[in-house]
Amino acid sequence: MLSRSLTFHLLFFTPGTRVRASSKEFDLEQKIDLEIKMREGTTKLLAACRHQTQTLEAAKNLLTSNERMSAYMAELQRRKRELPPRSLGSGCKARVCLSDLRMPLIWRDTDHFKNKGDYRRFAVFCLARIGTEVYDTTLLCPVDRSLTDLTFPDVMVFNQIPADFTFQLEVYSHILQDDLSIASTPRKIKKTIHSSISRTVGKKLAASLRDELNSGKIGPHFELMASARLTLDDVHDNIHTYDLKLESPEVRSHQLPLFGHFCCRIAAQPDCMGGEVAGGPLWAWGDIQPAWARLQGFNLQLWASRETWLQ
């Protein structure tokens, strides 16, 4: 019996590269414009906040907006220089999901069990990023010696991610300087200074505050405490433990007592599992009429007519 090789031709339309690139640049410029407006609004809100919770949330949102804008601008500059894309492969992209994020804290026995010693309190959140997608977690506040670990309830989904992605996790914290309610101090000293200033001095002070507002110095300052990088090799259905790279803050007492590890679930689903990869007429060698095919979820489905294929 003679074997006969079959040649298949799956026809589909591919838009021009230049059109796609121009559309992506326009979309990126729109995102940058949105983040600029968000930053301006958040900065004004931060200057007007009177409660600590509002101030911390506004400062977190401002930092997140700055990081997003930096990522967008860097990517836009890369595209304008017409550098090759970061992704080395042309395979199927995927959705990457981060969940079950936890970080153990390390306190001394006297701090945690006897509730004495270290009186520091922190406000903590994380930034998770892949490429230009930057997401922030819930702000945990206050974080003190009564907690044994940081637990973030967030579920983050990144779309259209190539196989050679790098996932970055950054941990930010701010020490609550004015919160000494659990400090082991015999007395608290409160001092209030009342003063009056002239209208001229008031105008100069207002101008100074505006300059400080524009420079982003108003409000709580979150410091980078730790970071981590994960790749496709770290993707798994179950929760795994990974290493944290601890950073050294400017003031040593501001160091968040992290253990140096974190656990999370980072899962991925190829886009071809949930959507159609390609579809159209499929020609076999020697056929007069084509079959109609759809490639989806690693399965190739065939129909005899276009009408049944469209149903």
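Before reading further, recall that the structure is shown in the block above.
Since the model is a prediction, treat every value here as computed from it, not as a measurement.

1. Examining the overall build of the protein
Helix and strand counts for the protein come out as six helices and 15 strands. Residues classed as buried in the protein amount to 33% of the 311 residues present. Taking contacts inside the protein between residues at least 6 apart in sequence as the whole, the part at least 24 apart equals 70%. When the accessible area of the protein is evaluated, it comes to approximately 20600 Å², of which 53% is carbon and sulfur surface.

2. A look at the nonpolar core
M103, L150, F167, V171, L258 and F262 are the most contacted members of the largest nonpolar core, which has 34 residues in total. For this core, the secondary structure elements donating two or more residues are β2 (94–104), β3 (122–130), β5 (140–143), β6 (149–152), β7 (156–161), β8 (167–175), β9 (223–230) and β12 (261–270). Per-element accounting of this core gives the leading share, five residues, to β3. The next biggest cluster of nonpolar side chains, apart from the first, holds 16 residues, and it includes L62, A71, L127 and F222.

3. A closer look at the environment of T151
Within the fold, T151 resides in strand β6. Look at T151 and you get partly exposed, because its relative accessible area is 41%. The sequence separation of T151 and D100 amounts to 51 residues, and the corresponding C-alpha distance is 7.7 Å. Apart from residues lying up to four places away in sequence, T151 is in contact with L101, R102 and L140.

4. Comments concerning the packing of aromatic side chains
Applying the stated criterion across every chain, the model contains five aromatic pairs. Taking 5.1 Å as the distance between ring centres and 80 degrees as the angle between the ring planes, the aromatic pair formed by F125 and F222 counts as edge-to-face. Taken together, the positions of F125 in strand β3 and F222 in the loop between α4 (199–214) and β9 put the pair 97 residues apart, joining distant regions of the chain. Both residues of the pair, F125 and F222, count as buried. Note on Y135 and F158: the rings are 5.0 Å apart at their centroids and 55 degrees apart in plane angle, and the pair reads as tilted.

Cut-offs applied
Residues numbered from 1 in each chain as written. Predicted model: local features only at pLDDT ≥ 70, side-chain atom pairs only at ≥ 80, totals over all residues. Heavy atoms only, no water. Helix = DSSP H or I, 4+ residues; strand = E, 2+ residues; numbered from the N terminus. Buried < 20%, exposed > 50% of the residue type's maximum accessible area, 1.4 Å probe, protein only. Contact = heavy atoms within 4.5 Å. Areas by Shrake-Rupley, 256 points an atom, 1.4 Å probe, with all protein chains shown as cover. Core = buried A, V, L, I, M, F, W, Y, C linked by side-chain atoms within 4.5 Å. Phe/Tyr/Trp six-rings, centres within 6.5 Å; stacked < 30°, edge-to-face > 60°.

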